[in-house]
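The chain contents come next:
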Amino acid sequence: MSTATTNIATKNIADSILEPVLTPTTAIGINNVTVSFKTPKGTYTAVKEISLTVQKGEIVSLIGHSGCGKSTLMGTISGMVKPTTGEVIANGKKVFGPGPDRGIVFQNYSLLPWLSVYRNIYEAVDSALKELSKAEKRELVERNLKTVHLWDHKDKLPGQLSGGMKQRVAIARAFAINPSILLLDEPFGALDALTKSNMHVELLKLWNLDNREKTIVMVTHDIEEAIFLSDRVVVMNNGPEATIKEIVPVPLERPRNKKDIVHDPVYMQTHDRLLNLLIDKFSIADIKD
Amino acid sequence: MKAKAIKIGWSVVYFVAGMLLLLGMWDMVSRMTKGELPSPVATWGTFKEVMTNPWQNDPDYKGIGIKLLSSLARVGIGFGLGSLIAIPLGFVLGSSRIAMNIINPIVQILRPVSPLAWFPLGLAIFQDSPKASIFMIFICSLWPTLINTSFGASSIPQDHKNVGKAFGFSVWKYITKIMLPYTLPHIFTGLRLSIGVAWMVIVAGEMLSGGIGLGYFVWEEGFNGGSIGKILVAILIIGAVGLLLDRIFTSLQKRFTYAV
Ligand SMILES: Nc1ncnc2c1ncn2[C@@H]1O[C@H](COP(=O)(O)OP(=O)(O)OP(=O)(O)O)[C@@H](O)[C@H]1O
Ligand SMILES: [Mg+2]
């Protein structure tokens, strides 16, 4: 008992000393962003006046029904989509377009069909990390391909891969350039449960590797995945003019153990809350009954 | 595997049937004209005669092989120069709306002009009839390649462009790793159409320009020499070479089309 108190006391002291160093800095600032698309039937406002701040080192998930504007919102961070009004700040700079400081795993993989698995990653590394030597670039490609267990398939063309394999190539490509902000649009959607679990571990490894300084924003439809990986889960309303419905924090200690956390009451509460937000008909009372 | 063999087998059967039909009709017409049009058998004799010593290369007489090569060389140079301009220009038109808007009307006006109309212009510019035929081939090789390349370059999917943007591809890398590979099948379609036109036009060009070549062979030895057999032989050779050129570009086009 007394040791516990001392521990807490020292922790507090340590915190206060480290305070200025540990003060989280903003990695991504989405300020009042509205995105409208011009369509033949007039303008379609996908997301409206969204503001969200993501701290450096944070893992945030976006969930919401299909078509609500998750990819669009991600696009404004990556710079692929230009906000109609509002602005996005990434790493302290206003976003005007895409850049290699923000690595992207696209929802549809976006591999170049005429390049082998190896070349797909190599060309990205070659462009994004110009300062590296050829040997270093090759080493990086090899390491990341091995991480996603695709080294044996390195000479295949994307057309010869399964959906899950393509997705892993896209993940390896984003990981390889080691960006400070990682934007993942349903990165594990096409994977089987086991491969998905492995990828979760690899993602967290990558995140741990950089002293947890990497910021990750991820779109997912998988509530368990969102809870296991994230610090906060952003639930979006349905579009058009989608807004943020609620931001659900995930106050689970890290490192998290997939098998154990499911029995954690905090996990169960968070899960219920998210389910409740996503499926209006359900209520927590229904589930408990 | 077996299904493929059967498919190939059938296409051979169809080909042979088509050839037999052609020979049958040819023979019939020949009989009706009482040999005015040489029969297939007679033409076969002329063919063998023409084919003896095809590489004869005397100053006063060139064999059919030399003539064929000389026509092919002219087509090759004109077509090569045309493609060298049409492909990069197609890239520019395909990637820039403004360039497209400016150049497109010019293309629309010049494209329908008969290749033969360019011949006198070429002659006036170069004062040399073989160069004038090359100029003519050059002009008519431009359009299909230019139009197909620019169409290909303008239809690059957003997904592919996004890859270039997201990973900061340089302009050179974008051209060589995204634009060129994506556009390649379209380029080959254009090249295939271009070489077809070029090959068609060279015969006419050589009739006008004289010199060594298949076109002049048809005119001089066939028509002026009063040998319809030689005209027929030339037609068959021109047709076969044209088919071969077409097949080469078709297979290139297939070779460079990728499944996503
Ligand atoms: N370029 C565009 N032009 C017009 N409308 C668009 C465009 N991009 C997206 N939209 C519209 O914006 C809305 C949000 O699309 P978005 O792709 O962001 O959805 P999402 O939440 O990612 O869906 P999913 O979960 O199915 O991937 C959709 O209604 C879509 O039709
Ligand atoms: Mg999406």
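Predicted model, so just to flag it, every value in this text is computed and none were measured.

## Topic: the pairing of strand β2 (residues 42-55) of chain A
For step 1, the next point in the chain: As paired strands, strand β1 (residues 26-39) of chain A and β2(A) are joined by ten bridges and run antiparallel to one another. Among the inter-strand pairings, Val33(A) is bridged to a residue of β2(A), identified as Ile50(A).

## What to know about the coordination of the magnesium ion (ligand 2)
Residue and element names in this part refer to chain A.
For step 1, the next point in the chain: Listed as protein donors to the magnesium ion (ligand 2) are Ser-71 (OG) and Gln-107 (OE1); their distances from the metal cover 1.9 to 2.2 Å. With Ser-71 in helix α2 (residues 70-78) and Gln-107 in the loop between β6 (102-105) and α3 (117-128), the pair connects residues that are 36 residues apart, well separated along the chain.
For step 2, the next point in the chain: You can call Ser-71 partly exposed: its relative accessible area is 32%.

## Some remarks on the packing of aromatic side chains
Residues and elements named next belong to chain B.
For step 1, the next point in the chain: Tallying each qualifying case throughout the model produces ten aromatic pairs over all chains.
For step 2, the next point in the chain: Ring centres 6.4 Å apart and planes at 75° place the aromatic pair Trp-118 and Phe-135 in the edge-to-face group. Pair noted here: Trp-118 is in helix α5 (residues 115-126) and Phe-135 is in helix α6 (residues 129-154), with a separation of 17 residues, a long-range link. Of the two residues examined, Trp-118 and Phe-135, each falls in the buried class.
For step 3, the next point in the chain: Between Phe-188 and Phe-256, the ring centres sit 5.6 Å apart and the planes meet at 25°, which makes this aromatic pair stacked.

## Looking at the nonpolar core
For step 1, the next point in the chain: Judged by nonpolar contacts, the single largest core of 129 residues is most densely connected at Ile28(A), Ile30(A) and Trp199(B).
For step 2, the next point in the chain: For this core, the element with the most residues is helix α8 (residues 171-209) of chain B, which contributes 13 residues.
For step 3, the next point in the chain: Core analysis: the next-biggest nonpolar cluster, separate from the first, contains twelve residues, Ala86(B), Phe138(B), Ile139(B) and Trp143(B) among them.

## A short note on the sheet that holds strand β8 (residues 215-219) of chain A
Residue and element names in this part refer to chain A.
For step 1, the next point in the chain: With mixed pairing, six strands are arranged side by side in an open sheet as β6-β7-β8-β3-β9-β10. Each edge of the sheet is formed by a strand with only one pairing partner; in this case those strands are β6 and β10 (244-249). The sheet shows a mean angle of 15° between the axes of neighbouring strands, taken without regard to direction.
For step 2, the next point in the chain: Pairing of strand β3 (residues 59-63) with β8 involves four bridges; the strand directions are parallel. Bridge pairing in β8 places Val-60 opposite Val-217.

## Topic: the confidence of the model for chain A
For step 1, the next point in the chain: For chain A, per-residue confidence averages 87 on the pLDDT scale, and residues scoring 70 or more make up 88% of the total.
For step 2, the next point in the chain: Low confidence marks residues 1-6 of chain A, where pLDDT is under 50. Its contacts with residues over four positions away, or in another chain, come to zero contacts.

## Notes on the packing of helix α4 (residues 97-110) of chain B against α6(B)
Residues and elements named next belong to chain B.
For step 1, the next point in the chain: As a packed pair, α4 and α6 sit with axes 11 Å apart at the nearest point and diverge in direction by 150°. The angle between α4 and α6 places the two elements in the roughly antiparallel class. As for the relative orientation of α4 and α6, their crossing is left-handed in sense. The segment α4 lies against α6, with Met-100, Val-107 and Leu-110 engaging Trp-143, Leu-146, Ile-147 and Ser-150.

## Details of the side chain of Glu225(A)
Residues and elements named next belong to chain A.
For step 1, the next point in the chain: Looking at the element boundaries, Glu-225 is found in helix α7 (residues 223-229).
For step 2, the next point in the chain: No salt bridge is formed by the buried Glu-225. Its closest oppositely charged neighbour is Lys-196, at 4.1 Å.
For step 3, the next point in the chain: If sequence neighbours within four positions are ignored, Glu-225 has contacts with Phe-188, Lys-196, His-200, Met-218 and Thr-220.

## Quick look at the pattern of salt bridges
For step 1, the next point in the chain: Taken as a whole, this structure holds 21 salt bridges over all chains when the rule is applied.
For step 2, the next point in the chain: Among the salt bridges present, the one from Lys177(B) reaches Glu123(A), with a minimum N-O distance of 3.7 Å. Of the two residues, Lys177(B) sits in helix α8 while Glu123(A) sits in helix α3, which places them in two different chains.
For step 3, the next point in the chain: Since its relative accessible area comes to 1%, Glu123(A) is described here as buried.
For step 4, the next point in the chain: Residue Lys196(A) is joined to Asp222(A) by a salt bridge in which the shortest nitrogen-to-oxygen separation is 2.7 Å. With Lys196(A) in helix α6 (residues 193-209) and Asp222(A) in the loop between β8 and α7, this pair connects stretches of sequence that are 26 residues apart.
For step 5, the next point in the chain: Through salt bridges with shared partners, a single ionic network connects Arg119(A), Glu123(A), Asp126(A), Lys137(A), Lys173(B) and Lys177(B).

What counts as what
Residues numbered from 1 in each chain as written. Chains lettered and ligands numbered in written order. Predicted model: local features only at pLDDT ≥ 70, side-chain atom pairs only at ≥ 80, totals over all residues. Heavy atoms only, no water. Pairing = 2+ DSSP bridges. Helix = DSSP H or I, 4+ residues; strand = E, 2+ residues; numbered from the N terminus. Donors = N, O, S within 2.8 Å, 3.2 Å for Na, K, Ca; no water. Buried < 20%, exposed > 50% of the residue type's maximum accessible area, 1.4 Å probe, protein only. Phe/Tyr/Trp six-rings, centres within 6.5 Å; stacked < 30°, edge-to-face > 60°. Core = buried A, V, L, I, M, F, W, Y, C linked by side-chain atoms within 4.5 Å. Axes fitted to C-alpha atoms, helices over the stretch in contact; angles between N-to-C directions. pLDDT = per-residue confidence, 0-100. Contact = heavy atoms within 4.5 Å. Parallel < 35°, antiparallel > 145°, perpendicular 65-115°, else oblique. Left-handed = near helix turned anticlockwise from the far one by under 90°. Lys, Arg positive; Asp, Glu negative; His and termini not counted. Salt bridge = Lys/Arg side-chain N within 4 Å of Asp/Glu carboxyl O.

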